Structure formats: C-alpha cells, structure tokens
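Architecture at a glance
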2 protein chains.
Amino acid sequence: MPKYHDELDAVLRALADPTRRAVVERLASSPAVVSELAAPFSMALPSLLQHLRILEDAGVVTSEKHGRVRTVSLRPGALDVLHLWLGEQRTPAERQADRLGVHLTRTTPKD
Amino acid sequence: MPKYHDELDAVLRALADPTRRAVVERLASSPAVVSELAAPFSMALPSLLQHLRILEDAGVVTSEKHGRVRTVSLRPGALDVLHLWLGEQRTPAERQADRLGVHLTRTTPKD
DNA sequence: CTAATAGTTAGGCATATGCCTAAGTATCAC
DNA sequence: GTGATACTTAGGCATATGCCTAACTATTAG
C-alpha cells in the first residue's frame, strides 16, 4: 500500500461530509473568513469550526488569523492525491477506451 | 447544489473507508468473487459483505450471483462523478496554471 | 473603558459506523 | 443423501461522528 494512502484517507474522510464539501466548493473560488463560511449553514459556530479543523488537519485547507478574523484558503494541489488515485482506479475497459480516444462527452457547463 | 450531489455523497462516503477502498483497488484490474475479495482482510465475512453492500448501493460496484458464487465488478464510469467534481474544485491559481500549460510533473509509474 | 464582534475550548448527546458472533439458506461435490 | 462450501440474515457492541450548549479569550469600535 503506497505511502500516500494516509493522506488519501484523510482527504477522503474529510470530503465524505456534505458540510465540508460545501466549504471546499466555496473556497475553490476564493479564500473566505470563518464567519462567511459559516453563514450558509444553520449550525452552531463551534460545529463549523470542527469541520474546518478536519479539513485543515487533512491538509485540504490552510488558515491564517489576523486580529480576530481567521481567513481560510483551499490549499492548491490538496486534492491531487485523490485525483491521482482516481486515475488508477479505472477498469481495463475504461483504459482501453482511453487508448482509443473514446471519452465521456463533457457538456460545457454554463457559468 | 447540483443533482449529482446525492451520487457524489454516496461515492465519497463509500470511498472514505480503507477496506472499501482496497476492494475498489483490487476490482480495478478485474472482477473478483466475494471469497477472493475477503481473503486479504482478517475480518468476518458478514463485515466484508456489508462493505460490498455499501459499494453496491453507492453504484460503485455491481455483483452477480451464479450458483453459490457471487462475482463483484467495478462499475465502469462509477467514479466519473467524483472526477468531475474534483475538476471543479480548483483554485484560480490552479486554473491559471492549467491555462499556462503548467502541470504537475507525473513520473511514469513502473508497471 | 465597555460593549460588541470573532473566534475558541470544553463537555455532552444521539446517531452512525465498523466490527463481531450465531444462525440460517442455497449450491455443489462425492 | 450428506457434508462441505459460499454466501446471507439478524442482532449486538464499542467507538466514531456530527451536532449541541455554555463559557471563555482576544480583538475592535465607539
């Protein structure tokens, strides 16, 4: 079992929760302060902070406190380990499709 | 929140467990029967079966019983939803790096 | 300086999770 | 037909998880 599995484990466990996933989605566009991150959830602040702790411990986010304000950022490359692992879990049929240049047709999302 | 999030949730929760992840890794190369899947784990069979149930309910694997033998397969495309979501969780810096054609250097794995 | 703001720590609770054992069903080999 | 094999069902248990409230610390505005 490769060494990156500890990191992969932490990342996947972190992302297995919908609240934490939503936080990651929000941070993908720009860093945010804790209170902003907490706003969409009708959840006690300590609970949200616990989620942030998990994301930070998993290396998915980083945070910096300036005065009384803590800003949270997505760590660039944090999800690469998962991306890599995903690439490895392809069936022979999927790999064959890759070689033949047959891909899922991706519709362009409307921004 | 897009509709695929139910599917994404199920997949991520399924993959958050190391036993289930190991099962997926094994199935990536070829289908396997339950007893073979159970062999590497010193775990009671019903426990392993519970894991398989979760993977199947999440749409990650499929299984067929012939006689007394059940064969489990990775569902091609099962992890695409996660792959797509991952693609969306890139920081502006990472997206910029994409546009500039700056990529993680991938060493070619030795097969 | 006081009150408000932003976050932190500590403890608790209900539910979920990952494991177990025991008992059972269905199929197969001899 | 009997015993072995492969899986299935049911129930239970210890621990983890995701939430809560209360109390607190640190910073800031007026």
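Residues numbered from 1 in each chain as written. Chains lettered and ligands numbered in written order. Predicted model: local features only at pLDDT ≥ 70, side-chain atom pairs only at ≥ 80, totals over all residues. Heavy atoms only, no water.

Looking up chain A in an unreviewed UniProt entry gives the name Transcriptional regulator, with the organism given as Nocardioides marmoriginsengisoli.

All names here are of chain A. Among the 10 residues of helix α2 (residues 18-27), 7 are classified as buried, and the element is accordingly described as predominantly covered. Taken as a whole, α2 has its buried residues at Thr19, Arg20, Arg21, Ala22, Val23, Val24 and Leu27. Where α2 begins, the side chain of Asp17 points an oxygen toward the backbone nitrogen of Thr19, at a separation of 3.0 Å. (Buried < 20%, exposed > 50% of the residue type's maximum accessible area, 1.4 Å probe, protein only. Helix = DSSP H or I, 4+ residues; strand = E, 2+ residues; numbered from the N terminus. Polar contact = N/O pair within 3.5 Å; in protein donor to acceptor, adjacent residues only side chain to side chain.)

Right, let's get into the relation of the copies chain B and chain A. In summary, the two copies of the chain are related to each other by a rotation about an axis coupled with a shift along it. The operation relating chain B to chain A is a screw motion whose rotation component is 180°, with 0.0 Å of axial translation and a residual RMSD of 0.0 Å. What we have between these two chains is a two-fold relation. By residue overlap, the copies meet face to face through one surface: 100% of the interface positions of chain B are interface positions in chain A. (Least-squares fit on C-alpha atoms with pLDDT ≥ 70 in both. Contact = heavy atoms within 4.5 Å.)

Quick look at the packing of α2(A) against helix α4 (residues 45-57) of chain A now. Residues and elements named next belong to chain A. Where α2 contacts α4, the axes come no closer than 10 Å and their chain directions differ by 70°. Considering their axes alone, α2 and α4 lie roughly perpendicular with respect to each other. On the side of α2, the interface is formed by Thr19, Arg20, Val23 and Val24, while α4 contributes Leu48, His51, Leu52, Ile54 and Leu55. A breakdown of the residues in the contact of α2 with α4 according to their chemical character gives 6 nonpolar, 2 polar and 1 charged. (Axes fitted to C-alpha atoms, helices over the stretch in contact; angles between N-to-C directions. Parallel < 35°, antiparallel > 145°, perpendicular 65-115°, else oblique. Nonpolar A, V, L, I, M, F, W, Y, C, P; charged D, E, K, R; others polar.)

This brings us to the interface of chain B and chain A. Across the boundary between the two partners, chain B contributes 34 residues, which contact 34 residues of chain A. Between chain B and chain A, the buried area comes to about 3000 Å², and carbon and sulfur atoms account for 63% of it. Considering only the side of chain B, the residues that lose the most area to chain A are Arg21(B), His83(B) and Leu86(B), jointly responsible for 18% of the buried surface there. One can count 2 salt bridges joining chain B with chain A. Notably, a salt bridge pairs Asp9(B) with Arg21(A), separated by 2.8 Å at the nearest N-O pair. The interface formed by chain B and chain A holds 8 residue pairs in polar contact (both at pLDDT 80 or more) in total. Here the side of chain B that touches chain A takes 7 residues from helix α5 (residues 80-88) of chain B, the largest share from any one element. Considering only residue class, the side of chain B that touches chain A consists of 18 nonpolar, 6 polar and 10 charged. (Buried area = accessible area lost by both parts, 1.4 Å probe. Salt bridge = Lys/Arg side-chain N within 4 Å of Asp/Glu carboxyl O.)

Now for the protein's contact with DNA strand D. In the vicinity of DNA strand D there are 19 residues, among which Ala44(A), His51(A), Ser35(B), Leu49(B) and Arg70(B) approach most closely. Take the atoms of DNA strand D that sit within 4 Å of the protein: sugar and phosphate atoms are 66% of them. A distance of 3.2 Å separates a sugar or linking oxygen of DNA strand D from a polar side-chain atom of Arg68(A). Within the contact set of DNA strand D, a phosphate oxygen lies 2.8 Å away from a side-chain nitrogen or oxygen of Arg70(B). Elements with a contribution of two residues or more to the surface near DNA strand D: α4 of chain A together with α3 (34-38) and α4 (45-57) of chain B. Per-element tally for the surface near DNA strand D: the top contributor is α4(A), with 4 residues. Taken together, the residues that form the surface near DNA strand D break down as 7 nonpolar, 6 polar and 6 charged. (Near = heavy atom within 4 Å.)

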